[in-house]
Number of protein chains: 2
Amino acid sequence: MAFLDFNHERFKPGFEITSTFVVTNNYRMKDTEITNLLHNANLRVTKSRKEVLQALSETGDQAISSNEIEQKLSEIDRITLYRILKAYEDAGLVHSIADGTGKKKYAMCSSNCSEGDHQDNHVHFYCRVCDTTSCLNVVIPTNLKFPTNYLVEEQQFVVSGICKDCHNQ
Amino acid sequence: MAFLDFNHERFKPGFEITSTFVVTNNYRMKDTEITNLLHNANLRVTKSRKEVLQALSETGDQAISSNEIEQKLSEIDRITLYRILKAYEDAGLVHSIADGTGKKKYAMCSSNCSEGDHQDNHVHFYCRVCDTTSCLNVVIPTNLKFPTNYLVEEQQFVVSGICKDCHNQ
DNA sequence: ACAAAGATGCAACTTTGTTGCGTAAGGGGG
DNA sequence: CCCCCTTACGCAACAAAGTTGCATCTTTGT
Ligand SMILES: [Mn+2]
Ligand SMILES: [Mn+2]
Ligand SMILES: [Zn+2]
Ligand SMILES: [Zn+2]
């Protein structure tokens, strides 16, 4: 529940973020935006927490590992970072992807996610060349027929291969 | 690339497996079947390798971790097991699933998989109650529209929630 | 039966992730 | 602005997954 769309009206200067947001691009959040985000999620505002959100907003639709965040920030404690990421996931601010590489990747959530309910209905792409994982603007189909009596709570669709950047050269 | 269907004609006693197989159920492979499988895959036949295939065929559509296989066999070396599983994956005999638990799960491949090309077009289900991952007889739709210039090589669709057994009680 | 190619087993290591606990900091009430 | 309770941080210690190197054993084709 927060907004993050580089070209969206709300992001014209002077506009305050309030609730819903959608990640569609790299965007460096302003300090007040981050603070509001944390307030709305009932999370205490600390230096580390702000920096982590900052880092995640900068990478936009590119999901990054805990280790990558750690290196971007360089001052943060590794264990604290794990706990922050867990808190963000629980709060519905961030979603994680198991892309098959063995490490979780994290990205900002879109508007359809909320506390404890990650309606993460977009496809993720893992590029084996540049070793990056990104959130694609491709929606997971909802017409799948499951065997009876399965209770579906979450879905993760990971496609891997070669991304557009690595493919074009 | 090999066949494994409990009720399939080929599995009536006296029938020899040759190439294509499909895993759909628990089935304890015969020694000669396993040996043929390894021969066809150009893999040397060793005690450990046979036991690992045996173990995987027994679990059927339930994908298990390296650690679980290790415990089933109890004599195998942990590192050797990793290498065997990698060899099987490379050979297209076995596919692995990243179900979000942090450990890879392994299951026998179906007929549409071949060396280096895992057309793993079925959905996997992770049950958070009994902590099991299984291959569902649900096919991933092929009508997804990807952004241009992405080269799709593999797909993994993991659905999580509560499985039929845990849900019915 | 021999030799080359390949598989195994062990040690040592890396990386990811968790847990416990004392200390520091955030935020609401006064 | 200060107090105090709650929560977050930071460190140590640990657990578990997975990798690499290397010497030794096994498989397999000749
Ligand atoms: Mn995503
Ligand atoms: Mn499967
Ligand atoms: Zn790429
Ligand atoms: Zn279950």
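Look up a bit, the structure's there.
Along each chain, the written sequence defines residue order, and numbers are assigned to residues from 1. All chains are assigned letters beginning at A, and all ligands numbers beginning at 1, according to the order in which they are written. Per-residue local features are limited, in this predicted model, to residues with pLDDT of at least 70; the limit for side-chain atom pairs, both in listing and counting, is 80 or more; totals at the level of whole chains, interfaces and linings are taken over all residues. Working from all heavy atoms in the structure, the side-chain values ignore hydrogens and water.

**Student:** An account of the coordination of the manganese ion (ligand 2) is needed here, citing residue identities and associated values.
**Tutor:** Residue and element names in this part refer to chain B. Only N, O and S atoms count as donors, using a 2.8 Å limit from the metal and a wider 3.2 Å limit for Na, K and Ca, and since water is excluded some coordination spheres may look unfilled. The protein atoms that coordinate the manganese ion (ligand 2) are His-95 (NE2), His-122 (NE2), His-124 (NE2) and Cys-135 (SG), at distances spanning 2.0 to 2.2 Å. All donors of the manganese ion (ligand 2) belong to a single chain; written as a sequence motif, their spacing is H-x26-H-x1-H-x10-C. In this pair, His-95 sits in strand E2 (residues 94–98) while His-122 sits in strand E4 (residues 122–127), placing the two residues 27 residues apart along the sequence. For the pair formed by His-95 and His-122, the shared burial category is buried. A run of H or I in DSSP counts as a helix once it spans at least four residues, and a run of E counts as a strand once it spans at least two, with each numbered from the N terminus. When accessible area is computed with a 1.4 Å probe and restricted to protein chains, residues below 20% of their type maximum are described as buried, those above 50% as exposed, and intermediate ones as partly exposed.

**Student:** Mind laying out the protein's contact with DNA strand D, listing which residues take part and the relevant values?
**Tutor:** To be near a molecule or strand, a residue needs just one of its heavy atoms within 4 Å of it. Near DNA strand D lie 18 residues; those nearest to it are Arg44(A), Arg49(A), Arg83(A), Val45(B) and Arg78(B). Here DNA strand D approaches the protein such that, of its atoms within 4 Å, sugar and phosphate make up 57%. Tyr82(B) places a polar side-chain atom, nitrogen or oxygen, 3.3 Å from a phosphate oxygen of DNA strand D. Polar contacts, as used here, are pairs of N or O atoms within 3.5 Å; protein pairs need one atom able to donate a hydrogen and one able to accept it. Residues neighboring in sequence count only if both atoms are side-chain atoms. Note that a base oxygen of DNA strand D is positioned 3.1 Å from one of the side-chain N or O atoms of Arg83(B). Any residue outside Ala, Val, Leu, Ile, Met, Phe, Trp, Tyr, Cys, Pro, Asp, Glu, Lys and Arg is labelled polar, Gly included; the first ten of those are nonpolar and the last four are charged. Residues of the surface near DNA strand D, tallied by class, amount to five nonpolar, four polar and nine charged.

**Student:** Give me helix H1 (residues 31–40) of chain B: which residues, what numbers.
**Tutor:** All of the buried residues along H1(B) are Glu33(B), Ile34(B), Thr35(B), Leu37(B) and Leu38(B). Backbone geometry just after H1(B) places Asn42(B) at a positive phi near 60°.

**Student:** Any chance you could break down the protein's contact with DNA strand C for me, citing the residues and the numbers?
**Tutor:** The full set close to DNA strand C counts 17 residues, and Arg78(A), Tyr82(A), Thr46(B), Arg49(B) and Arg83(B) are the nearest of them. A breakdown of the atoms of DNA strand C within 4 Å of the protein gives sugar and phosphate a share of 53%. In the environment of DNA strand C, a phosphate oxygen lies 3.3 Å from a nitrogen or oxygen atom belonging to the side chain of Lys103(A). With respect to DNA strand C, the side chain of Arg49(B) contributes an N or O atom lying 2.9 Å from a phosphate oxygen. Those elements that provide at least two residues to the surface near DNA strand C are helix H4 (78–91) of chain A together with helix H2 (47–59) and helix H4 (78–91) of chain B. Looking at the surface near DNA strand C, its residues break down into five nonpolar, three polar and nine charged.

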